[in-house]
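Chain by chain, the residues:
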Amino acid sequence: MPTVEVSLPQDVHAQFERLVDEEFVTEEEAVEELLSAGLDAYTRDVSGDDRGAPDVADEYADDMWDTAEDPAAGDPDDYL
């Protein structure tokens, strides 16, 4: 496996160490997963030809309600 050396600012390194402690078994696993995810996100086609991937907003649109309306309020005439 190729070896890569990276210099990180102290704050980024601290965030990385916290993430390793909370989410991963080893630093090597964390680096591999994070780089893979970053490369996938960076190289993903965002030109609109992603017919197979659902839009998150469309996927959950039926579960959302207009925040200008209070679904528990009922009809305003009920209070008169």
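Residues numbered from 1 in each chain as written. Predicted model: local features only at pLDDT ≥ 70, side-chain atom pairs only at ≥ 80, totals over all residues. Heavy atoms only, no water.

Participant: Explain the overall build of the chain to me, please; I cannot follow it from the model alone.
Facilitator: Check the secondary structure of the chain and you find 3 helices and 0 strands. The order of α-helices and β-strands along the chain, N terminus first, is α-α-α. Within the chain, the fraction of its 80 residues that count as buried is 5%. With the model as given, the accessible surface of the chain reaches about 7800 Å², and the carbon-plus-sulfur share is 52%. (Helix = DSSP H or I, 4+ residues; strand = E, 2+ residues; numbered from the N terminus. Buried < 20%, exposed > 50% of the residue type's maximum accessible area, 1.4 Å probe, protein only. Areas by Shrake-Rupley, 256 points an atom, 1.4 Å probe, with all protein chains shown as cover.)

Participant: What's the story with the layout of surface pockets in this structure? I'm lost.
Facilitator: A probe as big as a water molecule, rolled over the atoms, marks out the empty space that is left. The calculated volume of the largest pocket comes to roughly 680 Å³. Taken together, 16 residues line the largest pocket, and the ones lying closest to its centre are V4, V6, V31, E32 and L35. Listed by contribution, the elements that provide at least two residues to the lining of the largest pocket are α1 (10–23) and α2 (27–43). Here the lining of the largest pocket is built from residues that sort into 10 nonpolar, 3 polar and 3 charged. (1 Å grid on protein atoms, 1.4 Å probe; cavity = no way out; pocket = protein on both sides within 12 Å on 5 of 7 lines; lining within 4 Å. Points joined across faces, edges and corners; volume = space filled by probe spheres on them. Nonpolar A, V, L, I, M, F, W, Y, C, P; charged D, E, K, R; others polar.)

Participant: Help me out: how do you make sense of a nonpolar patch on the surface in this one?
Facilitator: Residues V4, V6, L8 and V12 make up a contiguous nonpolar surface patch of about 360 Å² in total accessible area. Relative to the assigned elements, L8 resides in the segment before α1. For L8, a relative accessible area of 42% gives the class partly exposed. (Patch = residues over 30% accessible without salt bridge, like charges linked within 9 Å, V, L, I, M, F, W, Y side chains within 5 Å. Salt bridge = Lys/Arg side-chain N within 4 Å of Asp/Glu carboxyl O.)

Participant: Even after reading the chapter, I still don't get a negative patch on the surface, so can you show me in this structure?
Facilitator: A grouping of E17, D21, E22, E23, E27 and E28 is seen on the molecular surface, where their side chains present a negatively charged patch. Elements that contribute at least two residues to the negative patch include exactly α1 and α2. It is α1 that provides the largest number of residues to the negative patch, a total of 4 residues. Position of E23 among the secondary structure elements: in helix α1. For E23, a relative accessible area of 56% puts it in the exposed group. (Lys, Arg positive; Asp, Glu negative; His and termini not counted. Charge placed at Lys NZ, Arg CZ, Asp CG, Glu CD.)

Participant: What's the story with the packing of α1 against α2 in this structure? I'm lost.
Facilitator: Two numbers describe a pair of packed helices, the interaxial angle and the distance between the axes. Taken N-terminus to C-terminus, the directions of α1 and α2 make an angle of 105 degrees; their axes are 9 Å apart at the nearest point. With respect to their mutual orientation, α1 and α2 come out roughly perpendicular. Every residue of α2 that contacts α1 at F16, L19 and V20 is listed here: E27, A30, V31 and L34. When the residues that make up the contact of α1 with α2 are grouped by side-chain class, the tally is 6 nonpolar, no polar and 1 charged. (Axes fitted to C-alpha atoms, helices over the stretch in contact; angles between N-to-C directions. Parallel < 35°, antiparallel > 145°, perpendicular 65-115°, else oblique. Contact = heavy atoms within 4.5 Å.)

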